[in-house]
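Results of the structural survey
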Amino acid sequence: MALQGPIPVTFPMVFPHGCYIVGEVQPVKDFDASSNGRFVQARDKQTGELVWQVAVMDGDPTLKPAQKTVAVKILSPVQPVPPAPMPGLPFTPVEFETVSVTPYVNGNGRLAFSIKVREMHAPRHTAPSKAQAGKDAA
């Protein structure tokens, strides 16, 4: 089979309704290498890059509450910095670049996906407000 390892996808394929940061960017623990209270950060098996993780909420309104929050792993030599919060919003919108997914069977015997990315940034495209859309039409 030609597909081996992570499957490259686009951000809109994974989060067509966008997503929002709901946690801190944290290092992922390498459970095999960490011992006796000594923390060792995980490295990606394919690239050797350090692995970081951030919790995001999927903007899809059809998802059940338990399905809305997912962990996104970020491969980066240094701790990624989330975009600045946007005034008036309770959560910070975010987009990711160089996205890949790895399917696996979770502890409940259901298909799940591990999401890995290379970059995190503020959304580049925002929908125009109704007021702005009216001005543009005039």
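An account of the accompanying structure is given in this report.

Criteria and thresholds
Residues numbered from 1 in each chain as written. Predicted model: local features only at pLDDT ≥ 70, side-chain atom pairs only at ≥ 80, totals over all residues. Heavy atoms only, no water. Helix = DSSP H or I, 4+ residues; strand = E, 2+ residues; numbered from the N terminus. Buried < 20%, exposed > 50% of the residue type's maximum accessible area, 1.4 Å probe, protein only. Contact = heavy atoms within 4.5 Å. Areas by Shrake-Rupley, 256 points an atom, 1.4 Å probe, with all protein chains shown as cover. Phe/Tyr/Trp six-rings, centres within 6.5 Å; stacked < 30°, edge-to-face > 60°. Polar contact = N/O pair within 3.5 Å; in protein donor to acceptor, adjacent residues only side chain to side chain.

1. Overview of the overall build of the chain
Tallying secondary structure elements over the chain gives 3 helices and 9 strands in all. Expressed as a percentage of its 138 residues, the buried residues of the chain come to 30%. Within the chain, counting contacts between residues at least 6 apart in sequence, those at least 24 apart form 61% of the total. With the model as given, the accessible surface of the chain reaches about 9,500 Å², and the carbon-plus-sulfur share is 57%.

2. Looking at the packing of aromatic side chains
Any two aromatic rings considered together are summarised by their centre-to-centre distance and by the angle between their planes. A complete count under the given rule lists 2 aromatic pairs for this structure. Measuring from centroid to centroid gives 5.6 Å for phenylalanine 11 and phenylalanine 15, while their planes differ by 40°, and the two rings are tilted. When its relative accessible area of 11% is taken as the criterion, phenylalanine 11 is described as buried. Residue phenylalanine 15 is classed as buried on the basis of its relative accessible area, which comes to 4%. Relative to phenylalanine 96, the ring of phenylalanine 11 lies with its centre 6.3 Å away and its plane at 55°, an arrangement referred to as tilted. One end of the pair, phenylalanine 11, is in helix 1 (residues 11–14); the other, phenylalanine 96, is in strand 6 (residues 92–97), with 85 residues separating them in the sequence. Phenylalanine 96 matches phenylalanine 11 in its accessibility class, with the two residues each being buried. What links up through ring pairs into an aromatic cluster is the set Phe11, Phe15 and Phe96.

3. Remarks on unusual backbone geometry
Positive phi, close to 50°, is recorded for asparagine 36, a residue that is not glycine. Relative to the helices and strands, asparagine 36 is located in the loop between strand 3 (26–27) and strand 4 (51–58). Overall, the relative accessible area of 84% leaves asparagine 36 in the exposed class. The residue threonine 98 is not glycine, and still its phi comes out positive at about 50°. Tracing the backbone through its elements, the reader meets threonine 98 in the loop between strand 6 and strand 7 (99–105). A relative accessible area of 53% means that threonine 98 is categorised as exposed.

4. What about the side chain of aspartate 58?
When you line up the elements, aspartate 58 lands in strand 4. A distance of 2.9 Å separates a polar atom in the side chain of aspartate 58 from the backbone nitrogen of aspartate 60. Leave out the neighbours within four places in its chain, and aspartate 58 touches Val14, Phe15, Gly18, Cys19, Leu63 and Lys68.

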